[in-house]
Amino acid sequence: MAPTPQLPPPVSPMLATAGDPPAGAGWTFEFKWDGVRAVTAVAGDRIRAQSRRGNEVTAAYPELTDLIALLDGRPVLLDGEVVALDRDGRPNFGMLQHRMHVRSPDPELVEHIPVSYVVFDLLYLDGASLLREPYDRRRGLLEELELAGPRVRVPQAAVGVSGAQLLEVARSHGLEGVVGKRRTSRYEPGRRSPAWIKTALLHTQEVVVGGWTAGEGRRAQTIGALLLGAYDGSGSLRYLGHVGTGFTEAALRALLVEL
């Protein structure tokens, strides 16, 4: 009996810098997905998914186990985004929030709000690290894996299309933006690199702060998240969701006094 292959070692995800879409032949572009980052190791019938901060989230997203059958035992390390898609196939972060903090969702929640894994990079394959390989090489090997299932997808990268053009496509389809990636770039774990440039499409909306939840950990004595709502066309106040990121310590102190 062949020994069970070991899971590839974990890697901190590479991060993009913010800016306008880069120009030139040395870049390729991908859509920016409005979800949560997950670096996922698979080997045989074992799987381990970790968040951007290194927390294990395997049990939170049982849909990721589809990768086991799709890979047929091959040991890999994938970088991607967990997203919740609406009826039109667009990422909906508000829907995803109902899954993000549930460590072990029950089957009813998984059925009601399923998630998908959008894979955009391959970091390890068949016993070899690909971190020092150029983007084009990693992307080519990823596409050869033919990862396609109800809850797993590899979106096509756009080569030969300008970032500005793809950004307009993202805008017309209600997507979050685009990411330009230098085709010769290596994967830089944990680094916010100029080899990846993200351009986000910002959407604003006036909301009502209806309340707040207490924080945890280092934010145990202050606000964890604001509970937001907005008025619909009939004038009824509807709950939108909660937001708990992007606050400075000074902003949290000021909000706590106000609320």
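The preceding data block contains the structure.
> Got a sec to walk through the overall build of the protein? Specific residues and values, please.
Across its full length, the protein holds 6 helices and 13 strands. Here the protein has a C-alpha radius of gyration of 20 Å; the compact-globule value for 259 residues is 18 Å, and the two agree. Expressed along its principal axes, the backbone C-alpha trace of the protein runs to roughly 60 × 50 × 35 Å. Looking at the 259 residues of the protein, the share that counts as buried comes to 43%. Restricting the contact set of the protein to residue pairs at least 6 apart, pairs at least 24 apart contribute 67%. Of the accessible surface of the protein, which amounts to about 14500 Å², a share of 52% is contributed by carbon and sulfur atoms. With 29 positive and 30 negative side-chain charges, the protein shows a separation of 6 Å between the mean positions of the two kinds.

> Before we move on, can you summarise the sheet that holds strand β2 (residues 27–32) with the specific residues and values?
The mixed open sheet is built from 4 strands, whose spatial order is β1-β10-β9-β2. Edge strands, defined here as strands with exactly one partner in the open sheet, are β1 (15–18) and β2. When the angles between neighbouring strand axes are averaged without regard to direction, this sheet yields 40 degrees. Here helix α4 (residues 135–144) sits on the sheet in contact with β2, β9 (177–182) and β10 (192–200), set at roughly 55 degrees to β2.

> Pulling in residues and values, what's your account of the pattern of salt bridges?
Evaluation of the coordinates by the stated rule reveals 14 salt bridges. With a shortest N-O distance of 3.2 Å, D88 and R90 are connected by a salt bridge. Residue classification places D88 among the exposed positions, given a relative accessible area of 60%. Each of E30, R139, E143 and K181 takes part in a single network of salt bridges with overlapping partners.

> Any details on helix α2 (residues 93–100)? Residues and values, ideally.
What sets the pattern is the α-helix's 3.6 residues per turn: residues three or four places apart point alike. Turning to α2, its buried residues are L96, Q97 and R99. Buried residues along α2 cover an arc of 165 degrees about the axis, so they all sit on one side. Capping the start of α2 is the job of one residue whose side-chain oxygen sits 3.0 Å from the backbone nitrogen of G94: N92.

> Now, about a nonpolar patch on the surface: what can you tell me, with residues and values included?
Taken together, V209, W212, L256 and L259 make up a surface patch of nonpolar side chains, about 320 Å² in accessible area. For L256, the position within the fold is in helix α6 (residues 249–258). A relative accessible area of 31% places L256 in the partly exposed class.

> If you had to explain the pairing of β2 to someone new, which residues and values would you point to?
Among the 6 residues in β2, 5 count as buried, and that is most of the element. With 6 bridges joining them, β2 and β9 adopt antiparallel strand pairing. Among the inter-strand pairings, K32 is bridged to a residue of β9, identified as G177.

> Can you lay out the environment of L240 for me, pointing to particular residues and giving the numbers?
Take L240: it is sitting in strand β13 (residues 237–243). The spacing of L240 and R183 is 57 residues in sequence and 39 Å in space, taken between C-alpha atoms. When near neighbours in sequence (up to four residues on either side) are disregarded, L240 contacts Q205, V207, L228, G229 and A230.

> Which residues make up the nonpolar core, and what are the values?
Among the nonpolar cores identified, the biggest contains 29 residues, and L67, L78 and L122 are the most heavily contacted of them. If you list the elements that add at least two residues to this core, you get β3 (36–43), β4 (46–50), α1 (66–71), β5 (76–83), β6 (116–125) and α4. Counting residues per element, this core draws most heavily on β6, at 4 residues. If we ignore the near neighbours within four places in the chain, the residues touching L122 are V76, L77, L78, L130, R138, L141, L142 and L145. Counting residues in hydrophobic clusters, the runner-up holds 15 residues, among them L7, V39, A41 and A195.

Parameters at a glance
Think of each chain on its own: its residues are numbered from 1, step by step along the sequence as written. With the structure being a predicted model, the display of local features is reserved for residues of pLDDT at least 70 and the display and counting of side-chain atom pairs for 80 or more, all residues being used for whole-chain, interface and lining totals. The basis for the side-chain values is all heavy atoms of the structure; hydrogens and waters are excluded. Numbering of helices and strands starts at the N terminus; helices are DSSP runs of H or I of at least 4 residues and strands are runs of E of at least 2. Here the radius of gyration uses the C-alpha set of atoms, whereas the globule reference equals 2.2 Å times the residue count to the power 0.38. Between buried and exposed lies partly exposed: a residue is buried under 20% and exposed over 50% of the maximum accessible area for its type, with that area taken using a 1.4 Å probe on protein chains only. In this analysis, two residues are considered to be in contact whenever any of their non-hydrogen atoms come within 4.5 Å of each other. Where accessible areas are quoted, they stem from the Shrake-Rupley method and a 1.4 Å probe; at the residue level, only the protein chains shown are allowed to cover. Counted as positive: Lys and Arg. Counted as negative: Asp and Glu. His and the chain ends are not counted at all. To locate a charge, take atom NZ for lysine, CZ for arginine, CG for aspartate or CD for glutamate. When DSSP finds two or more bridges between a pair of strands, those strands are recorded as paired. Inter-axis angles, ranging from 0 to 180 degrees, are taken between N-to-C directions of lines fitted to C-alpha atoms, where helices are fitted over the stretch in contact. Note on definitions: salt bridges are taken to be side-chain nitrogens of Lys or Arg within 4 Å of carboxyl oxygens of Asp or Glu. By construction, the arc corresponds to the directions joining the helix axis to the C-beta atoms. Polar contact criterion, stated in full: a pair of N or O atoms within 3.5 Å, where within protein one must be able to donate a hydrogen and the other to accept it, and residues adjacent in sequence count only if both atoms are side-chain atoms. Each patch groups residues whose relative accessible area exceeds 30% and which form no salt bridge, using 9 Å between like charges and 5 Å between nonpolar side chains of Val, Leu, Ile, Met, Phe, Trp and Tyr. We call a set of buried residues a nonpolar core when its members are Ala, Val, Leu, Ile, Met, Phe, Trp, Tyr or Cys and they connect through side-chain atoms within 4.5 Å of each other.

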